Amino acid sequence: PVSVVVVVGEGDNVWNCSYNGTVDYYSCPSNHDASIICQVTTIEPVECQTGNARLVGGTEEYEGRVEVCINNNWGSVCRYSWNTNENKVLCKQLGHQELGAQYFSSNTYGQGSGPILMGYLYCTGSENSLFECSRNVFSVVSGVCANHYNDVGVKCEEVCKNGTIRLESGGLETHGRVEVCVNGT
């Protein structure tokens, strides 16, 4: 089946949407049905490009609620099935360190207010963008991904400078594991 997320602009009816081509009612089997996901929300188009990602609501540029751009609209990402592989891909896409990121529920960086554009992502960790990962499009509006309670937040590790030394996970600033930055990690 073909899966499409449609954001209807000025019209309030799917019949007002333009489409490309004609429909052959006699040779189109049911396993080629198209699907639409509708969300009840007001969406104002913005200047972003499909495939962009960003972190919103954090105190640093490398942390926040995960949002992606599809069809000139920013929207949040559902946290279900999110794990370290998705962290790695997102942080790499945004230019941060790939390793050491943490993910959180929506309460950490606030809940989104626009559309929920992705859910149930399945990354291997080798992708360069969240848009290269497999995903379950229908999870966005069915069940647990239908509200912003499940928006995912991420804190990436900022890129370090070669030779930087720090103490990590010691509980005190004078205790911890010694970490040395080599090649930006």
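Cut-off values and rules
Residues numbered from 1 in each chain as written. Predicted model: local features only at pLDDT ≥ 70, side-chain atom pairs only at ≥ 80, totals over all residues. Heavy atoms only, no water. Helix = DSSP H or I, 4+ residues; strand = E, 2+ residues; numbered from the N terminus. Buried < 20%, exposed > 50% of the residue type's maximum accessible area, 1.4 Å probe, protein only. Areas by Shrake-Rupley, 256 points an atom, 1.4 Å probe, with all protein chains shown as cover. Disulfide = S-S within 2.5 Å. Salt bridge = Lys/Arg side-chain N within 4 Å of Asp/Glu carboxyl O. Pairing = 2+ DSSP bridges.

J.: Now, about the overall build of the protein chain: what can you tell me, with residues and values included?
T.: When helices and strands are tallied, the protein chain shows 1 helix and 12 strands. Order of helices (α) and strands (β) in the protein chain, N terminus to C terminus: β-β-β-β-β-α-β-β-β-β-β-β-β. A buried classification covers 31% of the 185 residues belonging to the protein chain. Roughly 11600 Å² of accessible area belongs to the protein chain as shown, and the carbon and sulfur atoms make up 49% of that amount.

J.: So what's going on with the state of the cysteines? Residues and values would help.
T.: Scanning the entire structure with this criterion turns up 4 disulfides. The disulfide bridge from Cys 48 ends at Cys 69, spanning 2.0 Å between sulfur atoms. Between Cys 48 and Cys 69, the disulfide has an S-S torsion of 75° and is therefore right-handed. Of the two residues, Cys 48 sits in the loop between β2 (34-37) and β3 (53-57) while Cys 69 sits in strand β4 (residues 63-70), which places them 21 residues apart along the sequence.

J.: How would you sum up the pattern of salt bridges? Please name residues and give values.
T.: Inspection of every chain in the model, using the stated rule, returns 5 salt bridges. As a salt-bridge pair, Glu 67 and Arg 54 come within 2.7 Å of each other at their nearest N and O atoms. Here Glu 67 is found in strand β4, whereas its partner Arg 54 is found in strand β3, with 13 residues between them in sequence. A residue is classified by how much of its surface remains accessible, and Glu 67, at 7% relative accessible area, is buried. Arg 54 gets classed as partly exposed once you look at its relative accessible area, which sits at 32%. Across the pair Glu 157 and Arg 166 runs a salt bridge, and its minimum N-O distance is 3.2 Å. What you see here is one network of salt bridges that share partners, running through Glu 157, Arg 166, Arg 177 and Glu 179.

J.: So what about the pairing of strand β10 (residues 153-157)? Which residues, and what values?
T.: Counting buried residues along β10, 4 of its 5 residues qualify, which places the element largely inside the surrounding structure. Where β4 and β10 come together, 3 bridges link them in antiparallel fashion. Within β10, the position partnered with Gly 64 by the bridge is Val 154. Sheet topology places strand β6 (residues 97-104) next to β10; 4 bridges connect them, and they run antiparallel. Bridge pairing in β10 places Gln 102 opposite Lys 155.

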